[in-house]
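Survey of secondary and tertiary structure
Listed below are the residues making up each chain.
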Amino acid sequence: MNKVLVVGAGGVAAVSVVKMAMHPEIFGEITLASRTLSKCEDIAKNVKDRTGVTIKTAQLDAMKVEDTVALIRESGAELLVNLALPYQDLVLMDACLEAGIHYLDTANYEPEDEAKFEYSWQWAYQERFKEAGLTAILGAGFDPGVTSIMATWVRKHKLDGIRLIDILDCNGGDNGKAFATNFNPEINIREVTAPARHWENGEWIESPAMTHKYEFDFPAVGKKNMYLMYHEELESLSTHFSEIERARFWMTFGDAYINHVTVLQNVGMTGIEPVMHEGTEIIPLQFLKTLLPDPSELGELTKGKTCIGDIITGPAKDGEGEKTYYIYNICDHEECYAEVGGQAVAYTTGVPAMIGAAMVMQGIWREPGVWNTEQLDPDAFMDMLNKDGLPWQVVELDAHPEF
Ligand code: NDP
């Protein structure tokens, strides 16, 4: 098995495909397909310049299942890596079932006309993938993805279970723009304007968006304000690790970012309901996306580091009470750009997607069914993170921080 089809040609795909081309022993033939062919061709040129590898490109509207099935058959791919948008998850899973190939994505399904994301839609495919003998891996980016695999690794090697988990996502990078999002603006703004939600003692606790703030001193970055948010891996982690007492997700934002989002929200620019503008129907958030910088073009401008990881407390493996570990990766925007031509947010998603794909291609993650990343053995994935540009560290803390 060595042929892969990647769908979507944005910032994340631009990194993932370069990294796949660096592993010809795993990804023998790469086809990249997306709605806009020229974006695939730009990525193909970057891949050729950096690695000497020629990849195939194709135009595809992934919403048309039959077109995807035909392309899968033509490409001979055995795995489809979905790096398009969360709206395409279900149609691409349908196409994989019809064509009989494995599936992997980095974000859970979200209906385009509802600001709601949850795993129920994709988990409903469990039996169909199992019966077909096919594997679907959900959420193999950094968060979700690496942060869940890190939790599994700590649970396998250091702790007998997880009582408390805080996922901390810090982007200490600066691109010099007054306001720009690090990945798809539409998805990013839908995420940050949603109410915050965390898991505590068997129930979801909801609070208004961006109201819980805490200043944390991040390794290699320094002090940053982080905000409590809802993030999709909280749902899968609390489902699959039923012992978890409290699971929270935090992301850093600068004051300027928060001010811009607040104003845009107040004036209705983040809305997803269609409005009439001079006789034409527009969706405000999609119009806003048109105005904002394209995240895939921020690489050259961005300086600084990201620090993403988990603080986890639970019963120690050696039976000596509780222990707390902080497991994290530090990634440098300028180093990413020098290596692949993308910034660290695309890099920290694109590299894990490549590694997850490598796990499937090599048969390491090949159990039939639909799996979140914390349900899979973490060791080979964690080894490859160290070798492929996202080295991680684990340190013991005196106690779980109070925040
Ligand atoms: P971009 O918006 O940069 O790229 C998305 C790509 O998908 C574009 O090339 C777009 O085409 C293509 N696309 C959209 N609709 C279709 C369609 N119907 N058929 C074919 N192609 C389509 O997004 P990113 O690269 O920033 O993000 C990619 C994915 O990664 C998203 O799902 C995002 O949520 C996820 N993500 C996950 C993270 C994680 O850590 N787990 C972190 C960051 C992102 P066109 O160019 O024509 O618009």
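Predicted model, so just to flag it, every value in this text is computed and none were measured. (Residues numbered from 1 in each chain as written. Predicted model: local features only at pLDDT ≥ 70, side-chain atom pairs only at ≥ 80, totals over all residues.)

On to the sheet that holds strand S1 (residues 3-7). Strand order in this open sheet of 7 strands is S3-S2-S1-S4-S5-S6-S17, and the pairing throughout is parallel. The two strands at the open ends of the sheet, each matched to only one other strand, are strand S3 (56-59) and strand S17 (369-372). The mean inter-strand angle of the sheet, taken between neighbouring strand axes irrespective of direction, is 20 degrees. As judged from the 2 bridges shared by strand S5 (residues 102-105) and strand S6 (residues 135-138), these two strands associate in the parallel manner. When the bridges of S6 are listed, Leu 104 appears paired with Ile 137. With respect to the sheet, helix H2 (residues 37-51) is in contact with strand S2 (29-34) and S3, its orientation differing from that of S2 by roughly 145 degrees. (Pairing = 2+ DSSP bridges. Helix = DSSP H or I, 4+ residues; strand = E, 2+ residues; numbered from the N terminus. Axes fitted to C-alpha atoms, helices over the stretch in contact; angles between N-to-C directions. Contact = placed C-beta atoms within 7 Å.)

According to the domain assignment, the protein contains domain 1 (3-138) and domain 2 (146-342 + 391-397). The C-alpha-based centres of domain 1 and domain 2 are spaced at 24 Å. Contacts between the two partners involve 15 residues from domain 1, matched on the other side by 14 residues from domain 2. Of all the elements, helix H1 (residues 11-21) adds the most residues to the side of domain 1 that touches domain 2, at 5 residues. (Domains from an automatic or database assignment.)

The immediate surroundings of the ligand are formed by 34 residues, with Gly 8, Gly 10, Val 12, Ala 62 and Gly 141 found nearest. Here the shell around the ligand gets 3 residues from one element, more than from any other, and that element is H1. Classifying every residue of the shell around the ligand by side-chain character gives 17 nonpolar, 13 polar and 4 charged. When residues of the shell around the ligand are sorted by domain, at least three fall in each of domain 1 (3-138) and domain 2 (146-342 + 391-397). (Near = placed C-beta within 6 Å. Nonpolar A, V, L, I, M, F, W, Y, C, P; charged D, E, K, R; others polar.)

On to the nonpolar core, then. If you look at the biggest cluster of nonpolar residues, it comprises 114 residues, and the most contacted ones within it are Val 4, Val 17, Leu 32, Leu 80 and Ala 357. Ranked by residue count, the leading element in this core is helix H13 (residues 344-361), at 13 residues. Residues lining this core come from more than one domain, with at least three contributed by each of domain 1 (3-138) and domain 2 (146-342 + 391-397). The residues touching Val 17, leaving out its near neighbours within four places in the chain, are Val 6, Ile 30, Leu 32, Ile 43, Val 47 and Ile 55. (Core = buried A, V, L, I, M, F, W, Y, C linked by C-beta atoms within 7 Å. Buried ≥ 20, exposed ≤ 12 C-beta atoms within 10 Å, placed from the backbone.)

Turning our eyes to something else, we now look at the UniProt feature "domain: Saccharopine dehydrogenase-like C-terminal" (unreviewed entry) in the protein. In this numbering, the UniProt entry assigns the feature "domain: Saccharopine dehydrogenase-like C-terminal" (unreviewed entry) to residues 141-389. End-to-end, the C-alpha atoms of residues 141-389 are 14 Å apart, and along that stretch the chain is 34% helix and 29% strand. (UniProt positions renumbered as here; feature names shortened; annotations may be inferred.)

This part is about helix H3 (residues 65-75). Side chains of residues three or four places apart in an α-helix project in the same direction, reflecting 3.6 residues per turn. Taken together, the buried positions of H3 are occupied by Thr 68, Leu 71, Ile 72 and Ser 75. The arc that holds the buried residues of H3, viewed along the axis, is 105 degrees, so those residues lie on one side. Opposite the buried face of H3, by more than 90 degrees, sit the exposed residues Glu 66 and Glu 74. Looking at the buried side of H3, the elements it contacts are S1, S2, S3, strand S4 (79-82) and helix H4 (89-99). (Arc of directions from axis to C-beta.)

With that settled, consider the pairing of S2. Of all 6 residues making up S2, 5 are buried, and the element is well covered by its neighbours. In this sheet, S2 lies alongside S1 in parallel orientation, the contact comprising 5 bridges. The partner of Val 4 across the bridge, within S2, is Ile 30. Two strands pair when backbone bridges link them, and S2 and S3 are joined in this way by 4 bridges, in the parallel orientation. What sits directly across from Ala 33, in S3, is Ala 58.

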